[in-house]
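# Summary of structural features
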Amino acid sequence: EMRQKMRDHLLPADAEAGPDPYFDLKHGSGGIVDIEFVVQFAVLAWAHDHPSLSQWTDNIRILESLQRVGLLEEKECQGLIEAYKSYRAQAHRLALQQEKGRVDAGMFVAERALVTSVWRRMMENPV
């Protein structure tokens, strides 16, 4: 519910369906914030059973920890890490050009699908 409230407040309604659709790298469905929510949810939900999840504070090492303890498969883990790094790199390139963190909706399709799939599994049907 909190994630949906953020999306409703921070992402324009026409972002992914308007006349010139785009993907907001940070707030769009399957974007940076969705990965961060999955990571933080996992730590809050499972660190009591897997203390190593609370060893690190950065998303990439927490994702690697989720794989090590068996809460993420290697393919998912690597896909989330690569999506996160790709989104961040693109956002930084756009920021250096003083552009908004938005790309054509046709970009990062596979990455967004993976993030959304993991999101649904972890947030809607936690282990």
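Look up a bit, the structure's there.
Description of the structure in this document. (Residues numbered from 1 in each chain as written. Predicted model: local features only at pLDDT ≥ 70, side-chain atom pairs only at ≥ 80, totals over all residues. Heavy atoms only, no water.)

The first and last C-alpha atoms of helix H5 (residues 109-124) sit 22 Å apart over 16 residues, in line with the 22 Å expected at 1.5 Å per residue. Along H5, the residues that are buried comprise Arg112, Val115, Thr116, Val118, Trp119 and Met122. (Helix = DSSP H or I, 4+ residues; strand = E, 2+ residues; numbered from the N terminus. Expected span 1.5 Å × (residues − 1). Buried < 20%, exposed > 50% of the residue type's maximum accessible area, 1.4 Å probe, protein only.)

Tallied over the full model, the rule gives four aromatic pairs. Measuring from centroid to centroid gives 6.2 Å for phenylalanine 37 and tryptophan 119, while their planes differ by 55°, and the two rings are tilted. Of the two residues, phenylalanine 37 sits in helix H2 (residues 32-46) while tryptophan 119 sits in helix H5, which places them 82 residues apart along the sequence. Looking at tryptophan 119, the relative accessible area reads 17%, which means it is buried. Between tyrosine 87 and phenylalanine 108 the ring centres are 5.2 Å apart and the planes differ by 90°, which places this aromatic pair in the edge-to-face class. (Phe/Tyr/Trp six-rings, centres within 6.5 Å; stacked < 30°, edge-to-face > 60°.)

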